[in-house]
Amino acid sequence: MIDARRLRILRAVADHRTVTAAAAALYLTPSAVSQQLAALEQETGHRLVDRSARGVRLTAAGEILLTHTNAVLAQLERAEAELAAYSAGDAGTVTVAAFATGIGLVLAPAIAELTLTAPGIRVRVQDAEGDASVPMVLDRQVDVAVAVEYRGAPDEDDRRLTRVPLYSEPFDAVLPVGHRLAEQGQVTIADLEKDPWIGQYPGNPCHDVVVLACEFAGFQPRFEHSSDDFRAVVALAGAGAGVALVPRWALRGMDLAGVVVRPVEGSAPTRRVFAAVRHGAEGHPLIRPVLDALRGAAVRLPAG
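Everything numeric here is computed off the predicted structure, so don't read it as measured data. Every chain begins its residue count from 1, and numbering advances along the sequence as written. For this predicted model, a pLDDT threshold of at least 70 governs which residues receive local features, and a threshold of 80 or more governs which side-chain atom pairs are given and counted, while totals over whole chains, interfaces and linings are taken from all residues. Each side-chain value is worked out from all heavy atoms of the structure, with water and hydrogens disregarded.

Peer 1: Teacher, can you tell me more about the overall build of the chain here?
Peer 2: When helices and strands are tallied, the chain shows nine helices and eleven strands. If you line up the chain on its principal axes, its C-alpha atoms span 70 × 50 × 30 Å. Relative accessibility under 20% of the residue-type maximum defines a buried residue, over 50% an exposed one, and the middle range a partly exposed one, all with a 1.4 Å probe and only protein chains included. Within the chain, the proportion of its 304 residues that are buried is 49%. Across the chain, contacts joining residues at least 24 apart in sequence account for 74% of those joining residues at least 6 apart. Accessible surface is estimated by sampling points in the Shrake-Rupley manner with a 1.4 Å probe; for residues, cover comes only from the protein chains shown. Accessible surface computed for the chain: about 14600 Å², of which carbon and sulfur atoms make up 53%. Secondary structure is summarised from DSSP: a helix means a run of H or I of at least four residues, a strand means a run of E of at least two, and numbering begins at the N terminus for each. Should any heavy atoms of two residues lie within 4.5 Å, those residues are counted as being in contact.

Peer 1: I'm lost on helix α8 (residues 230–238) in this one. Help?
Peer 2: Think of an α-helix as turning once every 3.6 residues; residues three or four places apart then point the same way. Regarding α8, the residues found buried are Phe230, Val233, Val234 and Ala237. End-on, the buried residues of α8 take up no more than an arc of 95°, which puts them together on one face. Opposite the buried face of α8, by more than 90 degrees, sit the exposed residues Arg231 and Ala235. The definition of a polar contact used here is a pair of N or O atoms within 3.5 Å, where within protein one atom must be able to donate a hydrogen and the other to accept one, and adjacent residues in sequence count solely through side-chain atom pairs. Among the residues of α8, the N-terminal cap falls to aspartate 229, whose side-chain oxygen and the backbone nitrogen of arginine 231 are separated by 2.8 Å. Where α8 ends, the next residue or the one after it, glycine 240, has phi of about 80°, a positive value. Directions from the helix axis toward the C-beta atoms define the arc.

Peer 1: What is the right way to look at the packing of aromatic side chains in this model?
Peer 2: How two aromatic rings sit relative to each other is set out by the distance from centre to centre and by the angle between their planes. We call Phe, Tyr and Trp rings a pair once their centres come within 6.5 Å, taking the six-membered ring for Trp, and we label the pair stacked below 30 degrees between planes, edge-to-face above 60, and tilted otherwise. The full count for this structure, using the stated rule, is two aromatic pairs. Where tyrosine 167 meets tryptophan 249, the ring centres are 5.5 Å apart and the plane angle is 65°; that geometry is what we call edge-to-face. Here the residue tyrosine 167 occupies a position in strand β6 (residues 161–176), and tryptophan 249 occupies one in the loop between β9 (244–247) and β10 (259–263), the gap between them amounting to 82 residues. Tyrosine 167 gets classed as buried once you look at its relative accessible area, which sits at 7%. When the ring of tryptophan 197 is compared with that of phenylalanine 219, the centres are 6.4 Å apart and the planes differ by 45°; the resulting orientation is tilted. On the criterion of sequence distance, the pair formed by tryptophan 197 in strand β7 (residues 196–199) and phenylalanine 219 in the loop between α7 (205–216) and β8 (222–226) is long-range, its members being 22 residues apart. We note that tryptophan 197, like phenylalanine 219, is buried. The ring of phenylalanine 274 carries the charged tip of arginine 163 above its face, separated from the ring centre by 4.0 Å. For a ring to carry a charge above it, either NZ of a lysine or CZ of an arginine must fall within 6 Å of the ring centroid while also lying within 35 degrees of the normal to the ring plane.

Peer 1: I'm lost on the UniProt feature "domain: HTH lysR-type" (unreviewed entry) in the chain in this one. Help?
Peer 2: UniProt positions are given in the numbering used here, feature names are shortened, and annotations may be inferred rather than shown by experiment. As annotated by UniProt and renumbered to match this structure, "domain: HTH lysR-type" (unreviewed entry) occupies residues 2–59. Along residues 2–59, the helical share is 62% and the strand share 14%, with 18 Å between the first and last C-alpha atoms.

Peer 1: Would you mind going over the packing of helix α5 (residues 100–117) against helix α9 (residues 287–299) with me for this structure?
Peer 2: A pair of packed helices can be characterised by two numbers: the angle between their axes and the separation between those axes. Think of each axis as a best-fit line through the C-alpha atoms, taken over the contacting stretch in the case of a helix, with angles from 0 to 180 degrees between the N-to-C directions. Running from N to C, α5 and α9 cross one another at 120°; their axes reach a closest spacing of 8 Å. The angle between α5 and α9 falls in the class oblique. Helix-helix and strand crossings are classified by hand; for α5 and α9 the assignment is right-handed. Along its contact with α5, which presents Val106, Leu107, Pro109, Ala110, Glu113 and Leu114, the element α9 presents Pro289, Val290, Ala293, Leu294, Ala297 and Ala298. Roughly parallel covers angles under 35 degrees, roughly antiparallel covers those over 145, roughly perpendicular covers 65 to 115, and oblique covers all other angles. Should the near helix be turned counterclockwise from the far one by less than a right angle, the crossing is left-handed, whereas a clockwise turn marks it as right-handed.

See the structure below:
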């Protein structure tokens, strides 16, 4: 008989590629993870992982078991959801990880709506970058992620997750008020090739969007300054330190006195935002209202 707890450990090892990282995500010791993997190998009669100096890789047998693991864990999530529904579970806590702009645009309005429509549900919020929240869902650290598309993100057909599209927003060009293009109604990214750039750190999804947009325009941006805080990016642009591309709704409520904001001509780079839960958990009586409220808040967003 295969222990489902060990299947979760196998998936964590597959996701994180090292025993140490998987152990940290699961709040276990590396030795405990290794022991559980060894026990799982004994249960299945197959070697499931190969260890090397660069980390852990699943064997062919491990990949086969991982495919079934995703289905088994999703079914367990559905079982928990149905049991909670049977128990009329209309009160409890749902933990949501979201990035700062997503919190302001959809999560906070969703919480306000839930206080009226589902007062028994308490939402606990964790601020997380747009690429960090999905791994937190998979590691069972949170119940819901409000995340953005990023390079290396799980595919839409990833069987571990159920995704709910929320909204998309274009990136606008942020220029110093004295910039040579400040009087134009729109700017092209190619026109900014020679400028110094201000952007997010590598690994931030917005950094990927900006780099890909510039590469599509035929150049590599020359980043002179880096910050993951959009207010800092705008402040640096206002000081004449460079140009930037910033998601449109991230600019709302900022002091833009030192900059001009211009839409990007043609097909503007876009930040796509979605909610994600573990596959099978979308029907849980506590999680389903949260997803519905997030969808409702996204629909009510003003036109970009």
